Amino acid sequence: MRDYSGHWLAKHIDRRTFLLAAGAAIASARVSSADESGETSLRQRAEKKGLVFGTQVNAGPLFSLKPYQDAVLRDAAMIVPENEMKWRPTQPTARQANYFNAERIAKFAEDNTLLLRGHTAVWHQNPPAWTKDIISGDDGEKLVLKHARELIEHFRGRVMEWDVVNEAIAPEDGMPDNLRNWAPYNKGGIDFIADCFYAARQADPKAKLYYNDYSVYYQSQGLRRDAILVFLEKLKSKGAPIDGFGIQSHLIANAEFDEAIYRRFLSEVADLGLKIRATELDVSDVRLEPDIQIRDTIVAAHTKQYLDVLFDEPAVVGLVTWGMTDRFSWLHEGWPRRDRLRQRCLPLDDNFARKPMWYAIADALDHAPSR
Ligand code: XIL
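Because the structure is predicted, anything quoted here is derived from the model rather than measured. (Residues numbered from 1 in each chain as written. Predicted model: local features only at pLDDT ≥ 70, side-chain atom pairs only at ≥ 80, totals over all residues. Heavy atoms only, no water.)

### Focus on the pairing of strand S9 (residues 316–321)
Working step 1: Here S9 lies mainly inside the structure; five of its six residues are buried.
Working step 2: Note: strand S1 (residues 52–57) against S9, four bridges, orientation parallel. The residue bridging Val-52 from the neighbouring strand is Gly-318, located in S9.
Working step 3: One ladder, built from four bridges, connects strand S8 (residues 275–284) with S9; its direction is parallel. Bridge pairing in S9 places Ile-276 opposite Val-316.
Working step 4: Handedness of the S8-helix H12 (residues 292–312)-S9 crossover: right-handed. (Buried < 20%, exposed > 50% of the residue type's maximum accessible area, 1.4 Å probe, protein only. Helix = DSSP H or I, 4+ residues; strand = E, 2+ residues; numbered from the N terminus. Pairing = 2+ DSSP bridges. Right-handed = clockwise from strand over helix to strand, strands pointing away.)

### A closer look at the packing of aromatic side chains
Working step 1: Counting across every chain of the model gives 18 aromatic pairs.
Working step 2: Judged by centre distance (5.1 Å) and plane angle (75°), the ring pair of Tyr-68 and Phe-328 falls under edge-to-face. Of this pair, Tyr-68 sits in helix H4 (residues 66–75) while Phe-328 sits in the loop between S9 and helix H13 (331–334), and the two are 260 residues apart along the sequence.
Working step 3: Given the relative accessible area of 29%, Phe-328 is considered partly exposed.
Working step 4: Ring centres of Tyr-217 and Tyr-306 lie 5.9 Å apart, and the angle between their planes is 85°; on these two criteria the pair is classed as edge-to-face. A residue pair is termed long-range when its members are at least 10 positions apart, and Tyr-217 in the loop between strand S5 (208–213) and helix H10 (222–237) and Tyr-306 in helix H12 qualify at 89 residues. As far as the burial class goes, Tyr-217 and Tyr-306 line up, both buried.
Working step 5: Ring pairing ties together the aromatic residues Tyr-211, Tyr-217, Tyr-218, Phe-231, Phe-245, Phe-257, Tyr-262, Phe-265 and Tyr-306, which thus form one cluster.
Working step 6: Over the ring of Tyr-210 we find Arg-117; its NZ or CZ atom is 5.3 Å from the centre of that ring. (Phe/Tyr/Trp six-rings, centres within 6.5 Å; stacked < 30°, edge-to-face > 60°. Lys NZ or Arg CZ within 6 Å of the ring centre and 35° of its normal.)

### Considerations on the pattern of salt bridges
Working step 1: Throughout the structure, instances matching the rule amount to 26 salt bridges.
Working step 2: The closest approach of N and O atoms between Asp-163 and Arg-117, which form a salt bridge, is 2.8 Å. Taken as a pair, Asp-163 in strand S4 (residues 161–166) and Arg-117 in strand S3 (residues 115–123) lie far apart in primary sequence, 46 residues in all.
Working step 3: Residue classification places Asp-163 among the buried residues on the basis of a relative accessible area of 0%.
Working step 4: When its relative accessible area of 1% is taken as the criterion, Arg-117 is described as buried.
Working step 5: For Arg-263, the salt bridge is made with Asp-312, and the minimal N-O distance between the two is 2.9 Å. A residue pair is termed long-range when its members are at least 10 positions apart, and Arg-263 in helix H11 (residues 259–271) and Asp-312 in helix H12 qualify at 49 residues.
Working step 6: On the basis of relative accessible area, Asp-312 is assigned to the partly exposed category, the value being 38%.
Working step 7: Connected via shared salt-bridge partners are Arg-117, Glu-161, Asp-163 and Arg-277. (Salt bridge = Lys/Arg side-chain N within 4 Å of Asp/Glu carboxyl O.)

So yeah, pure geometry; function would need other evidence.
As structure tokens, this is what we get:
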């Protein structure tokens, strides 16, 4: 192995991260041809391994900015709407839901033979304002169930898989079964969540049904990992029709990632008979210094390290990034850097050029065991 210790970057990051990054850079030089740039798309690289690469899309830019649409079509075999299927935007008043933007995205998927993920039917963060009193009252669970049923029924036969329930586990809330402190969970417990899955199965019998959640990747997140495993086990033992666990994968460059712990967690989820998909990958660079080259390198190295472990687990079926380009990322508003620089958290830069993160994903896919 070449000695990189004198390299300028080696002074800024630890040796292992640096070697991973160097490996990704070298691998990125060795590619087979596909599009005009000579790069094989992420989509093709994933397909070769029996995996699916996908990305989140937003209807605004998707239908108004051609280079963004082209970027999506170049790399993605699957798309998921960022907000367009969520409850608040689709039903701002108690009147009938309006799926205009979700429909446009569904049609775009059909026109371009892309797989479509549904996101998300039940999520404590997104009920419209008019539901507030109802949800905390006696009919709360009924209303949430009705919403889930109607949404999933509306897209019956068109959505490959649904995030039926999103982010229900919150050990920090101190509630029974580590459920989040939200009225329908407080009243209905895990049985209510099982009912959401039954309703989803009835509403679209062919769709795969996922539970989706965050923060299970890092060493410090053991409490959440344990809570989620116990929760998934209970859901299964109640006979809930759940097919998979969606791991959001909002990563943080420079957070402590323990490969062995994560491998074990993934295999424990797999042992429950569940498929696994990384559903919202992005890598926040809030902890990194401003230098763009350093940020890009560390973000890429972290991506590669994470995906290598993920893809080694046979139950993993694919990867979805939470956006394709830094131009459109929720992190700019949701989690801004202290120095106000824009985060560089996604595979393409603001101008749709490939970043080291894109090559890191390509490299991880190329080295993934075949399914
Ligand atoms: C985010 C969207 O990206 C933002 O535009 C919106 O304001 C809030 O939601 N976990 C999820 C996603 O499951 O739905 C969230 O998406 C990001 C965190």
